[in-house]
Amino acid sequence: MPKDRPKRDSKNKKVQALESVREQSGDQYLTTNQGLRINDDQNSLKAGPRGPSLLEDFILREKITHFDHERIPERVVHARGSAAHGYFQVYKSLASLTRAKFLQDPAVKTPVFVRFSTVAGSRGSTDLARDVRGFAVKFYTDEGNYDLVGNNMPVFFIQDAVKFPDLVHAVKPEPQHEMPQAASAHDTFWDFISLMPESMHMVMWLMSDRAIPRSFRMMEGFGVHTFRFVNAQGVGRFVKFHWKPLLGVHSILWDEAQKISGLDPDFHRRDLWEAIETGNFPEWELGVQVVEERDEHKFEFDLLDPTKIIPEELVPVVRIGKMTLDRNPDNFFSETEQVAFHPGHLVPGIDFSNDPLLQGRLFSYTDTQLIRLGGPNFHEIPINRPVAPLHNNQRDGHMRQTINAGQASYHPNTLGGGCPMQAQADMGGFLSYAEKLTGSKVRERSKSFFDHFSQAALFWRSQSASEQAHLVQALRFELGKVDVSAIRERMVALLAQVDKKLAARVAEGLGLHVTSITGPLNLSIPADDDPRQFQPKRATASVEKSAALSMVLAPKKGIQTRKVAILAADGVDGQAVVSMKTALAAVGAMAKIVAPRSGVLKTADGTDMKIDFSLLTTGSVLFDALYIPGGEESVWTLLRTPKASMFTHEAYLHCKPIAATGAGVNVLQSAMSLLGLHKSMDKSGDVPSDEGIVVARQASAKQVAARFIKAMEPHRHWAREIELASPE
Ligand code: HDD
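Residues numbered from 1 in each chain as written. Predicted model: local features only at pLDDT ≥ 70, side-chain atom pairs only at ≥ 80, totals over all residues. Heavy atoms only, no water.

Draft legend 1. Geometry of the sheet that holds strand β11 (residues 563-567). Pairing in this open sheet of six strands is parallel, and the strands run β15-β12-β11-β16-β17-β18 from one edge to the other. Every other strand in the sheet has two partners, leaving β15 (613-614) and β18 (693-696) as the edge strands with one partner each. Running over the sheet, helix α19 (residues 664-674) touches β16 (625-628), β17 (658-661) and β18 and is turned about 130° from β17. (Pairing = 2+ DSSP bridges. Helix = DSSP H or I, 4+ residues; strand = E, 2+ residues; numbered from the N terminus. Contact = heavy atoms within 4.5 Å. Axes fitted to C-alpha atoms, helices over the stretch in contact; angles between N-to-C directions.)

Draft legend 2. Spotlight on the pattern of salt bridges. According to the stated counting rule, one finds 35 salt bridges in the structure shown. Here D191 makes a salt bridge to R490, at a shortest N to O gap of 2.7 Å. In this pair, D191 is assigned in helix α4 (residues 187-194) and R490 in helix α12 (residues 485-498), connecting sequence segments 299 residues apart. You can call D191 partly exposed: its relative accessible area is 30%. (Salt bridge = Lys/Arg side-chain N within 4 Å of Asp/Glu carboxyl O. Buried < 20%, exposed > 50% of the residue type's maximum accessible area, 1.4 Å probe, protein only.)

Draft legend 3. View of the pairing of β17. Neither face of β17 is exposed, since I658 and A660 on one face and A659 and T661 on the opposite face are all buried. Across three bridges, the pairing between β16 and β17 is parallel. The residue of β17 that forms the bridge with Y627 is A659. Sheet topology places β17 next to β18; four bridges connect them, and they run parallel. Bridging across to β18, T661 finds its partner in A696.

Draft legend 4. Quick peek at the site of the ligand. Lining the immediate environment of the ligand, one finds 23 residues, of which R75, R115, R361, Y365 and Q369 sit closest. Between R75 and the ligand, the recorded distance is 2.8 Å, taken from a side-chain N or O atom to an oxygen atom. Contact between the ligand and R361: a nitrogen atom at 3.2 Å from a side-chain N or O atom of the residue. Those elements giving two or more residues to the shell around the ligand turn out to be β3 (133-141), β4 (144-151) and α9 (356-372). Among the elements that take part in the shell around the ligand, α9 stands out by supplying seven residues, more than any other. (Near = heavy atom within 4 Å. Polar contact = N/O pair within 3.5 Å; in protein donor to acceptor, adjacent residues only side chain to side chain.)

Draft legend 5. Representation of the packing of helix α17 (residues 632-639) against α19. In the contact formed by α17 and α19, the axes pass within 8 Å of each other and the chain directions differ by 15°. Relative to α19, α17 is oriented roughly parallel. As α17 packs across α19, the resulting crossing turns out to be right-handed. Contact with α17, carried on its side by V635, L638 and L639, involves G664, N666, V667 and S670 of α19 and no other residues of that element. When the residues that make up the contact of α17 with α19 are grouped by side-chain class, the tally is four nonpolar, three polar and no charged. (Parallel < 35°, antiparallel > 145°, perpendicular 65-115°, else oblique. Left-handed = near helix turned anticlockwise from the far one by under 90°. Nonpolar A, V, L, I, M, F, W, Y, C, P; charged D, E, K, R; others polar.)

Draft legend 6. Inspection of the coordination of the iron atom of the ligand at higher detail. Its sole protein donor being Y365 (OH), the iron atom of the ligand sits 1.9 Å from that atom. If you trace the backbone, Y365 turns up in helix α9. (Donors = N, O, S within 2.8 Å, 3.2 Å for Na, K, Ca; no water.)

Draft legend 7. Inspection of the packing of helix α18 (residues 642-653) against α19 at higher detail. Between α18 and α19, the least distance of the axes is 9 Å, while the angle of their chain directions is 75°. Between α18 and α19, the interaxial angle falls into the category roughly perpendicular. Here S645, T648, H649 and Y652 of α18 lie close against α19, whose contacting residues are V667, L668, A671, M672 and L674. Looking at side-chain class alone, the contact of α18 with α19 contains six nonpolar, three polar and no charged residues.

Draft legend 8. Structural detail: the pairing of strand β8 (residues 283-292). The buried count for β8 comes to seven of ten residues, which makes it a mostly enclosed element. Bridge analysis of strand β7 (residues 236-245) against β8 gives nine bridges, and the strand direction is antiparallel. Within the sheet, the bridge partner assigned to F241 lies in β8 and is V288. Pairing between β8 and strand β9 (residues 318-327): six bridges, direction antiparallel. Each residue of the ladder has a partner; that of G287, found in β9, is R319.

Draft legend 9. Focus on the packing of aromatic side chains. Evaluated as defined, the whole model comprises 24 aromatic pairs. Plain terms: the ring middles of F88 and F139 are 5.6 Å apart, the flat faces sit at 85° to each other, and that makes the pair edge-to-face. With F88 in strand β1 (residues 81-90) and F139 in strand β3, this pair connects stretches of sequence that are 51 residues apart. For the pair shown, F88 and F139 are each scored as buried. (Phe/Tyr/Trp six-rings, centres within 6.5 Å; stacked < 30°, edge-to-face > 60°.)

Written out as structure tokens, the structure is:
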């Protein structure tokens, strides 16, 4: 159970102790699943050493049968996931807002298990797909498990759960040939989207760099729907949940994402695992936007519409506590794979709203676990078990673990002493929020859900110039992969509803005529749909721009856990490497030596230095920044190593901070010349320093380290993209 789990270091001692006990008791032997000790695990039972295998070999049959059944159906969505254990602590009691016990006492550490995921790809797909990331948190509270099953984007594609299977069928690989894997850049996805204007706000997020995060540790999380907080007096308020990463929000470029998918498809999984193993525990603050019930209708959008955010300018996000992930799972299958989340796992004090997407989700999750985990007892799998005591009259079923003693498995009873009993509210019993409901039974969407473009436009307006350029490029890429031209045209027509300049830029990249798409919305909707349903009611957004929507414009502090490549070869200036490494380590960044081969380097003064990666096994895209130290011999080798040059010019192209000292500057200079960047050189043909480039032929690494660290804070230097005259 999560609460009792030992920490990783203590586990090692525990394992040792267990092993010695086993040794003493003779318990170290290989056995069958029935506990029978196995005498030979190398050979099957045969009629003579060269004879046929015998059916009688129950040991072989048991082993192979178990192996044959090792795979379970993968999740229909969010199949590829990575997870970690940790804990959550509230900053101060939220008693005035909610009676949820885990939000009352700052001294209480509530264990959590968090699973991050991509949505569209299969279990073995790449981490760097352009996709939404799942951000599912299971709180093991004293009142039962509470699951906050969110994403890294605050809105969703559709407004009603009835469209979910259509959305997923459209984005998954196409059924005739199962292509493409883990990608939305294909006809069925954009065909569907182009007919669903309500998806436009989410499409803006999906085409932004938010869909290619630098790390799970550096992305936000959102509960998406409006939920309810209910306090002990029964007073309800609307609430939206946010996770804010303490390392800031950072993404990478699409060009990097594609290369990382080849170099390290486990990039995010490895990053999370290594951060926790090295004690760099990822942290997020939980934030809430609270809206009084009387203010339900005061916004120009509907709080129940999951394609809308509440701009932080209208309702600020109040940070109420912190989550820390401090332990990797012991077994991927038992924990990350078998964990079962459900937005309907609630605790007293938190309740639903009538968001029709949320309402539909409440059915889907248990249903899917029944097939995925093989029956109704998935709550007994250790990772899913609550720490709160569990008593009820549910019995039997596949793989039942609990041995229920006693005669009575019904309520009310006298034969079991009346137990288990119902709990009054003051004993922690769950009471659904007593919302007053009126209405006719209809299949209808509220008119207040009809504005599909205002917040898409708000998102677009709130992006920095570089973020807008990336978004345009992403749309050009995705729609460029669409074969049917009518789908592209419909998409451009929809984009024109968001912003005419955006549409024109995308259209230009697709070779479409700009004038034909900036007119009134003209969708070729299939005949059985009423086009009037899809016509936008233009609302005026009361917020012109929202700072919280831009990653680039958000202030950045610190460079903890950033990865810096030190490009070096034999004869490198060892002193420079050591002082740069020391300076970076002092601020929590990690420097790795990358060299033309593996093994050990001989520095200029004859010292041995361990190489972390050879240029064959890594690439610039796996790092956040680059340092090229001097040392004549090292630089001579690097200048003659094409991969070193590629490494440097990719770091430059991807706008990463670069520092070079001594003769190391020549490596940067040569890479820039290869890129045709002579205009960026100064009169003497040398590389000038700027905010993202720190060059010093004379100064020591120690002297430039502070400037390099400062250059790393914003993560990227997008002004360089303009200088590179991006083809967009
Ligand atoms: Fe879902 C999994 C998040 C809408 C049906 N969903 C799943 C996971 C996350 C989300 C993070 C993976 C949990 C894990 O790591 O095991 N889903 C969302 C969000 C949504 C959303 C934020 C909209 C706001 N989902 C949604 C709808 C439906 C589903 C509308 C169906 C009506 N989701 C499922 C599912 C999954 C799932 C089929 C697949 C595996 C699982 O549940 O356990 O039931």
